[in-house]
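Per-entry structural report
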Amino acid sequence: MEVNHIEELKRVMVSIVRLLPVLAALVVATAPGARSWSKEGHILTCRIAQTLLDDGAAEVVHNLLPDYADGDLSSLCVWPDQIRHWYRFRWTSPLHFIDTPDSACTFDYSRDCHDLNGAEDMCVAGAVRNFTSQLMHYHHGSSDRRYNLTEALLFLSHFMGDIHQPMHVGFSDDKGGNSIQVRWFRHKSNLHHVWDREIILTALADYYDKNLDLFLGDLQKNLTKGIWSDDISSWRTCDNLLSCSTKYATESIDLACKWGYNGVTQGETLADEYFESRMPVVMKRIAQGGVSPNNTIQNDAKKGYI
Ligand SMILES: [Zn+2]
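By the naming in an unreviewed UniProt entry, the protein chain is Aspergillus nuclease S1, taken from Vanilla planifolia. In its Sequence similarities (unreviewed entry) section, the UniProt record describing the protein chain reads: "Belongs to the nuclease type I family."

Rendered as structure tokens:
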């Protein structure tokens, strides 16, 4: 009996030790200061993307999703944030954002799309290009083992959200606003997090009864028969992978300068005025993130890639 207890205790200890790296990764992944649209932002973008897919592209997405996703792309759109600190995926960490020269308010792919060691294409614009071109291999069928296309789909869906979050294309010095401490109404936050999450959460609480489906319904109404319906075709206009990703990143840094950074000082309190004027920008970028990948995927489908 005594021996059994000790054996049991040993087994429990071994499981805890095995779990530690996972727990540590989870803690790091959810630590404040991380750079990513909130899960709400990603879910909204992915739901829009999936509803706009034509039958062919929808089937591809359905085939690539693991069974447990139950056909719902949005259920896995935050996965790249959850694994970015795991040893195997640590290389993906620089792919969530772009650092641009301080106060330049421009994006130049060859100048800005690299990691801290200067490795080319290691930024969110490079990731959008890379994972889109990986998905183009879908037509080769499952015999092409060079790429894990399920991962490529999840990465692309996620990074299309990130590249549209204006502060994900921010200045190097302040880490996309992460080091600009502010108060959001009464609590402490930072400028990056205001754009990742605070504006979305405040909008959900103030206008949508904390119901994400109501928020999504409004975005979809604006897209189908509202203020954005005439703009969708221009959102979809870009010629190739480089020009598409450059377009999204250029729009983001432009918005970051005009709406994100503009007039915000260290330690400032941001409240009603900032929220009311920036919320339409955030809503539009979430929607654009959902419309644009559709364009890329469907263009590829037309070309026979997928
Ligand atoms: Zn991210």
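1. Quick look at the overall build of the protein chain
Looking only at helices and strands, the protein chain has 12 helices and 5 strands in total. For the protein chain, the share of sequence-separated contacts (at least 6 apart) that also reach a separation of at least 24 residues comes to 74%.

2. Quick notes on the packing of helix H6 (residues 124-135) against helix H7 (residues 149-164)
At a minimum axis separation of 9 Å, H6 and H7 run at an interaxial angle of 145 degrees. H7 is crossed by H6, and the crossing has left-handed handedness. Contacts between H6 and H7 involve Val124, Ala125, Ala127, Val128, Phe131, Thr132, Gln134 and Leu135 on the former and, on the latter, Leu149, Ala152, Leu153, Phe155, Leu156, Phe159, Met160, Asp162 and Ile163. Of the residues that constitute the contact of H6 with H7, the class distribution is 14 nonpolar, 2 polar and 1 charged.

3. Some details on the sheet that holds strand S4 (residues 187-190)
Spatial ordering of the open sheet is given by S4-S3-S5, a layout of 3 strands whose pairing is mixed. One side of each edge strand has no neighbouring strand; the edge strands of this open sheet are S4 and strand S5 (269-270). Each of strand S3 (181-184), S4 and S5 touches helix H8 (residues 191-207); the most contacted strand, S4, lies at about 100 degrees to it.

4. Overview of the pairing of S4
Both S3 and S4 contribute to a ladder of 4 bridges, which runs antiparallel. If you follow arginine 183 over to S4, its bridge partner there is lysine 188. Counting the residues between successive antiparallel strands, the hairpin from S3 to S4 contains 2 residues, one of them, phenylalanine 185, with a positive phi of roughly 50 degrees.

5. Quick look at the nonpolar core
For soluble globular proteins, nonpolar side chains are generally found buried alongside one another. Of all hydrophobic cores here, the largest spans 66 residues; its most connected members are Ile98, Val124, Ala125, Val128, Leu156, Phe159 and Leu219. In terms of residues, this core owes the most to one element, H7, which gives 9 residues. When near neighbours in sequence (up to four residues on either side) are disregarded, isoleucine 98 contacts Phe107, Asp112, Cys113, Cys123, Val124, Ala125, His168, Val169 and Ala249.

6. A short note on H6
Given a rise of 1.5 Å per residue, 12 residues ought to cover 16 Å, and the 16 Å separating the end C-alpha atoms of H6 matches this to within 8%. Burial analysis of H6 places 10 of its 12 residues in the buried class, the great majority of the element. Those residues of H6 lying buried are Val124, Ala125, Gly126, Ala127, Val128, Arg129, Asn130, Phe131, Thr132 and Leu135.

7. Examining the pairing of S3
Only one face of S3 is buried: it carries Val182 and Trp184, and the other face, with Gln181 and Arg183, is open. The pairing of S3 with S5 spans 2 bridges and is classified as parallel. Its bridge partner being in S5, tryptophan 184 is matched across the sheet by leucine 270.

8. A closer look at the environment of aspartate 99
The residue aspartate 99 is located in strand S1 (residues 98-100) in this model. Those residues in contact with aspartate 99 that sit more than four places away from it in its chain are Asp112 and Ser172.

9. Focus: H8
Residues separated by three or four positions in an α-helix point in the same direction, a consequence of the helix having 3.6 residues per turn. In H8, a bend of some 45 degrees at arginine 197 exceeds every other bend along the element. Of the residues making up H8, those classed as buried are Leu191, His192, His193, Val194, Trp195, Asp196, Glu198, Ile199, Ile200 and Ala203. In the segment just after H8, aspartate 209 is the residue with positive phi, at about 55 degrees.

10. Here we look at the confidence of the model for the protein chain
Considering every residue of the protein chain, the mean pLDDT works out to 85; 81% of them sit at 70 or more. In the model, residues 1-6 has pLDDT below 50 throughout and makes 0 contacts with residues more than four positions away in sequence or in other chains. Note on residues 8-33: pLDDT under 50 across the span, and 10 contacts to partners over four residues away in sequence or across chains.

11. Considerations on unusual backbone geometry
In this structure, serine 103 takes a positive phi of about 65 degrees despite not being glycine. Structurally, the position occupied by serine 103 is in the loop between S1 and helix H5 (109-112). Classification of serine 103 as exposed rests on a count of 9 C-beta atoms within 10 Å.

Rules of the game
- Residues numbered from 1 in each chain as written.
- Predicted model: local features only at pLDDT ≥ 70, side-chain atom pairs only at ≥ 80, totals over all residues.
- UniProt positions renumbered as here; feature names shortened; annotations may be inferred.
- Helix = DSSP H or I, 4+ residues; strand = E, 2+ residues; numbered from the N terminus.
- Contact = placed C-beta atoms within 7 Å.
- Axes fitted to C-alpha atoms, helices over the stretch in contact; angles between N-to-C directions.
- Left-handed = near helix turned anticlockwise from the far one by under 90°.
- Nonpolar A, V, L, I, M, F, W, Y, C, P; charged D, E, K, R; others polar.
- Pairing = 2+ DSSP bridges.
- Core = buried A, V, L, I, M, F, W, Y, C linked by C-beta atoms within 7 Å.
- Buried ≥ 20, exposed ≤ 12 C-beta atoms within 10 Å, placed from the backbone.
- Expected span 1.5 Å × (residues − 1).
- Bend = angle between axes of the 7 residues up to and from the residue.
- pLDDT = per-residue confidence, 0-100.

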